[in-house]
Amino acid sequence: MFDVFVDKKFADKLAKEERSFAKKLSNHIGNIISEMKRAIAAFAAGKDKIEIKALYNDIEKLDKIRDMLLEGLDKASENFRAREQEQKKYRR
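Since the structure is predicted, the reported quantities are computational estimates derived from the model, not experimental observations.

Novice: Explain the nonpolar core to me, and be specific about the residues and the numbers.
Specialist: If you look at the biggest cluster of nonpolar residues, it comprises 15 residues, and the most contacted ones within it are Leu14, Ala22, Leu25, Ile29, Ile33 and Leu69. The set of elements that each furnish at least two residues to this core consists of helix 1 (8–17), helix 2 (19–43) and helix 3 (49–91). It is helix 3 that provides the largest number of residues to this core, a total of seven residues.

Here's what the structure looks like:
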């Protein structure tokens, strides 16, 4: 379900080209992770461990996607600041 987002190059490109969307997406993913953990804790009592493990695997994927988006956003911000510094040098 999340396979398209697990590609690091895709996450970096998304963060670089669509920063606002990537920020919103990473925030929403964080909220989904929190809600899934809460729901699993309530749901887990008396359930088969295979079901719970599958749900935790989804959480791990979402967490990885969120981390990649945040890393991409950090890189995009660093690149933006570096470009601005270079432009300031040439304006003087």
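Novice: Tell me what's going on with helix 3, and back it up with residues and numbers.
Specialist: For helix 3, which comprises 43 residues, the first-to-last C-alpha distance of 63 Å matches the rise-based estimate of 63 Å (1.5 Å per residue) to within 8%. Those residues of helix 3 that sit buried are Ile52, Ile59, Leu62, Ile65, Met68, Leu69, Gly72, Leu73, Ala76 and Ser77.

Novice: Let's hear about the packing of helix 1 against helix 3: which residues, and what values?
Specialist: Orientation of helix 1 relative to helix 3, taken along the N-to-C sense of each, is 50°, at an axis distance of 8 Å. The pairing of helix 1 with helix 3 is recorded here as oblique in orientation. As for the relative orientation of helix 1 and helix 3, their crossing is right-handed in sense. Packed against helix 1, whose contacting residues are Lys8, Ala11, Asp12, Leu14, Ala15 and Lys16, the element helix 3 presents Met68, Leu69, Glu71, Gly72, Leu73, Lys75 and Ala76 at the interface. Here the residues of the contact of helix 1 with helix 3 are counted per class, giving seven nonpolar, one polar and five charged.

Novice: Any chance you could break down the confidence of the model for the chain for me, citing the residues and the numbers?
Specialist: Mean pLDDT over the chain works out to 82, with 90% of the residues at or above the 70 mark. Across the chain, helix 2 holds the top mean pLDDT of 87, while helix 1 sits lowest at 82.

Novice: Tell me about helix 2, residues and numbers included.
Specialist: Between its first and last C-alpha, helix 2 extends 35 Å over 25 residues, near the 36 Å set by a 1.5 Å rise per residue. Buried residues along helix 2 sit against helix 1 and helix 3.

Novice: How would you sum up the pattern of salt bridges? Please name residues and give values.
Specialist: Between side chains of opposite charge, a pair can form as their charged atoms come close. A complete count under the given rule lists three salt bridges for this structure. Put simply, Glu86 and Lys89 hold a salt bridge, and the shortest N to O gap is 3.2 Å. With Glu86 and Lys89 both in helix 3, this residue pair falls three residues apart, about one helical turn. Classification of Glu86 as partly exposed rests on a relative accessible area of 34%. The class of Lys89 is exposed, set by a relative accessible area of 54%.

Novice: Run through the packing of helix 2 against helix 3, naming residues and quoting values.
Specialist: Where helix 2 contacts helix 3, the axes come no closer than 9 Å and their chain directions differ by 155°. The angle between helix 2 and helix 3 places the two elements in the roughly antiparallel class. Crossing of helix 2 against helix 3: the hand is left-handed. For the contact of helix 2 with helix 3, the class distribution of residues is 19 nonpolar, three polar and seven charged.

Calculation criteria
Once a new chain begins, its residue numbering starts again from 1 and follows that chain's sequence as written. Only residues with pLDDT of at least 70 get local features here, since the model is predicted, and only at 80 or more are side-chain atom pairs given and counted; chain-wide, interface and lining totals rely on the full set of residues. Excluding hydrogens and water, the side-chain figures rest on all heavy atoms present in the structure. The set of buried Ala, Val, Leu, Ile, Met, Phe, Trp, Tyr and Cys residues whose side-chain atoms join them within 4.5 Å is what this entry labels a nonpolar core. When a residue's accessible area, from a 1.4 Å probe over protein chains only, is under 20% of the maximum for its type it is buried; when over 50% it is exposed; and in between it is partly exposed. In this description a helix means any DSSP run of H or I spanning at least four residues, a strand means any run of E spanning at least two, and both kinds are numbered starting from the N terminus. In this scheme, a helix's expected span is set at 1.5 Å multiplied by one less than its residue total. The convention used is that axes are lines fitted to C-alpha atoms, helices contributing only their stretch in contact, and that angles between N-to-C directions extend from 0 to 180 degrees. Geometric relationships in this document are graded by angle, where less than 35 degrees denotes roughly parallel, more than 145 denotes roughly antiparallel, 65 to 115 denotes roughly perpendicular, and other angles denote oblique. Rotating anticlockwise by less than a right angle from the far helix to the near helix defines a left-handed crossing, while the corresponding clockwise rotation defines a right-handed one. Contact definition: two residues touch when any of their heavy atoms are within 4.5 Å. In this classification, Asp, Glu, Lys and Arg are treated as charged, Ala, Val, Leu, Ile, Met, Phe, Trp, Tyr, Cys and Pro as nonpolar, and every other residue, Gly included, as polar. A residue's pLDDT is simply how confident the predictor is in it, with values from 0 to 100. Counted as salt bridges are all cases of a side-chain nitrogen of Lys or Arg within 4 Å of a carboxyl oxygen of Asp or Glu.

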